[in-house]
Amino acid sequence: MNIQPPLPKEYQNLPVEQACRRVAQLKTALGQDVRILAHHYQSDEVFQFADFVGDSLKLSQQAAASSARFIVFCGVHFMAESADILTSPQQAVILPDISAGCAMAEMADAADVEEAFEQVQSAAGEMVVPVTYVNSSAATKAFTARAGGACCTSSNARRVFEWALASKLQGGAGGAKVFAIPDRHLGLNTAVAMGFGTEDCLVYDPKLEGGGLEALATRRAKFILWKGQCYVHQRFTTDQIERARSRQPGIRIIVHPECPRAVVAAADYSGSTEQIIQAVNAAPAGGAWAIGTETNMVRRLAANNPDKLVRTLADTPPFCRTMSRVDLPHLLWVLENLSAGKVVNQVRVEEKLSAQARLALERMLAIPPQGGISPSR
Ligand code: 13P
Ligand code: SF4
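Residues numbered from 1 in each chain as written. Chains lettered and ligands numbered in written order. Predicted model: local features only at pLDDT ≥ 70, side-chain atom pairs only at ≥ 80, totals over all residues. Heavy atoms only, no water.

Remarks on the overall build of the protein chain
Piece 1. When you go through the protein chain residue by residue, the secondary structure sums to 16 helices and 14 strands.
Piece 2. Taken against the 2.2 N^0.38 rule, which gives 21 Å for 377 residues, the C-alpha radius of gyration of the protein chain at 21 Å falls within 12% of a compact globule.
Piece 3. Summarising its shape, the C-alpha atoms of the protein chain cover approximately 65 × 55 × 35 Å along the three principal directions.
Piece 4. Per-residue burial for the protein chain yields a buried fraction of 56% across its 377 residues.
Piece 5. For the protein chain, the proportion of contacts with a sequence separation of at least 24, taken over those separated by at least 6, is 69%.
Piece 6. Carbon and sulfur atoms make up 51% of the accessible area of the protein chain, which totals about 15,700 Å².
Piece 7. Looking at the protein chain, you have 37 positive and 37 negative side-chain charges, and the mean spots of the two groups are 3 Å apart. (Helix = DSSP H or I, 4+ residues; strand = E, 2+ residues; numbered from the N terminus. Rg over C-alpha atoms; globule rule 2.2 N^0.38 Å. Buried < 20%, exposed > 50% of the residue type's maximum accessible area, 1.4 Å probe, protein only. Contact = heavy atoms within 4.5 Å. Areas by Shrake-Rupley, 256 points an atom, 1.4 Å probe, with all protein chains shown as cover. Lys, Arg positive; Asp, Glu negative; His and termini not counted. Charge placed at Lys NZ, Arg CZ, Asp CG, Glu CD.)

Written out as structure tokens, the structure is:
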């Protein structure tokens, strides 16, 4: 894990208004050379300065299309790494707080994944294709490409799983099974959305010898799911859904597919952050929505849709602690350094790893994206 040293004193107690004024001035002065990308979970203070906002897929596409010399990525480490992989060596990607990691990405060490894949492949006796959620390190993405697999995001996981299982003649990877890394919930929710049952899925626990799997069970399963999860989405429950419906009959519930299977099944829809936002924005006035994802995004969605009732599904609003590390003082600090000709907190993936990881991302980007939110099954 990367450690961010404390910011110089002058940034620590800076009044918000003053910090906002300075960020706005620096953005104007730096012009087209700098582009600020922000994920939907960012606070309003940071989000207001973004040139581009989106979910993981959209931000990867925006980074790939950008020609800016400096990309200031207000997200978490794996997102900045993906941006570095997809941009040219002349561009620099900057993460305002270098210790803003993703707890789930850190649950899948590349060497452990590679060893697990070999075990699963030899027990399966037929071709296994790894599909790695973008919430993963560059090294895990690079392994994925070497093993013939691709990345996915929460907005295209189903399409990528279908690609993994389609024959090579149909343009697929020709796999008989999918090894889904590192989010077991996204893996299971995607398998069920494709019409498979929980009995077709097995969880590989990296803490147990051989993942805790028996060879016969591995041969029978269609999906092997790495035992990783997100602590933010793990907190949503079916009780919360029941309570929301009893308080507000007719309320519609959308959750992120990182939520546990029972929660996605009990909700009305699931989708990526961008898909959730688009669905609520496009809904007719007057409706009520409860959203199962991070709180900054839900609050902003509610503020942008005053003609609807939009609330979080959770009892205690969950924040992504690492995403929140990228705050206004850190944004100001990186911009002031850029304006003084100094690049701080550059995220740089080593060239060989980058070329392999790029392949896994490009295979994903070549697959036509899914539409909007998916109805629950
Ligand atoms: P999205 O791609 O849906 O924005 O999700 C990213 C993420 O980390 C959610 O926890
Ligand atoms: Fe990672 Fe969860 Fe934060 Fe998303 S919400 S960035 S999965 S820790």
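So, the site of ligand 1
Piece 1. Around ligand 1 sit His39, Tyr41, Asp55, Ser56, Tyr133, Asn135, Ser154, His233, His256, Glu258, Ser272 and Thr273, and that is every residue in its neighbourhood.
Piece 2. A distance of 2.8 Å separates an oxygen atom of ligand 1 from a polar atom in the side chain of histidine 256.
Piece 3. A distance of 2.6 Å is found between an oxygen atom of ligand 1 and a side-chain nitrogen or oxygen belonging to threonine 273.
Piece 4. Taking 300 Å² as the accessible area of ligand 1 by itself, protein coverage stands at 96%.
Piece 5. Residues belonging to the shell around ligand 1 are distributed by class as follows: 2 nonpolar, 8 polar and 2 charged. (Near = heavy atom within 4 Å. Polar contact = N/O pair within 3.5 Å; in protein donor to acceptor, adjacent residues only side chain to side chain. Nonpolar A, V, L, I, M, F, W, Y, C, P; charged D, E, K, R; others polar.)

Regarding the site of ligand 2
Piece 1. The immediate surroundings of ligand 2 are formed by Tyr41, Val76, Cys102, Ala103, Met104, Asn135, Cys230, Tyr231, Val232, Glu258 and Cys320.
Piece 2. Applying the majority rule of atoms within 2 Å of the grid points places ligand 2 in the largest cavity. (1 Å grid on protein atoms, 1.4 Å probe; cavity = no way out; pocket = protein on both sides within 12 Å on 5 of 7 lines; lining within 4 Å. Sits in = over half its atoms within 2 Å of the grid points.)

Concerning the packing of aromatic side chains
Piece 1. Counted by the stated rule, this structure contains 7 aromatic pairs.
Piece 2. Relative to phenylalanine 223, the ring of phenylalanine 161 lies with its centre 5.9 Å away and its plane at 25°, an arrangement referred to as stacked. In this pair, phenylalanine 161 sits in helix α8 (residues 157–165) while phenylalanine 223 sits in strand β9 (residues 223–226), placing the two residues 62 residues apart along the sequence. Take phenylalanine 161 and phenylalanine 223: they sit in the same class, and that class is buried.
Piece 3. One aromatic cluster is present, built from ring pairs that chain together Phe117, Phe143, Phe179, Tyr204 and Trp226.
Piece 4. Stacked on the ring of phenylalanine 47, the Lys or Arg arginine 300 has its end atom at 3.6 Å from the ring centre. (Phe/Tyr/Trp six-rings, centres within 6.5 Å; stacked < 30°, edge-to-face > 60°. Lys NZ or Arg CZ within 6 Å of the ring centre and 35° of its normal.)

A few points about the side chain of serine 136
Piece 1. Its place among the elements puts serine 136 in the loop between β5 (128–133) and α7 (138–146).
Piece 2. Classification of serine 136 by relative accessible area gives buried; the value is 1%.
Piece 3. Setting aside residues no more than four positions away along its own chain, serine 136 makes contact with Phe78, Glu81, Ala105 and Lys141.

What to know about empty space enclosed by the protein
Piece 1. Taken as a whole, this structure holds 3 cavities of 30 Å³ or more when the rule is applied.
Piece 2. By volume, the largest cavity is sized at about 250 Å³.
Piece 3. Around the largest cavity, the lining comprises 25 residues; the ones closest to its centre are Tyr41, Phe78, Met79, Asn135 and Glu258.
Piece 4. Listed by contribution, the elements that provide at least two residues to the lining of the largest cavity are α4 (56–65) and α5 (77–86).
Piece 5. A per-class count over the lining of the largest cavity returns 14 nonpolar, 9 polar and 2 charged. (Points joined across faces, edges and corners; volume = space filled by probe spheres on them.)

As for the nonpolar core
Most often, soluble globular proteins keep nonpolar side chains buried together rather than apart.
Piece 1. Val72, Phe73, Ile291, Leu331 and Leu335 are the most contacted members of the largest nonpolar core, which totals 99 residues.
Piece 2. Looking at this core element by element, the count peaks at 7 residues for helix α15 (residues 328–339).
Piece 3. Residue contacts for valine 72: discarding those within four places in its chain leaves Val34, Arg35, Ile36, Leu37, Ile94, Pro96, Leu331, Val334, Leu335 and Leu338.
Piece 4. Of all hydrophobic cores here, the second largest spans 17 residues; its members include Phe117, Val120, Ala124 and Phe179. (Core = buried A, V, L, I, M, F, W, Y, C linked by side-chain atoms within 4.5 Å.)

These figures capture arrangement, not role.
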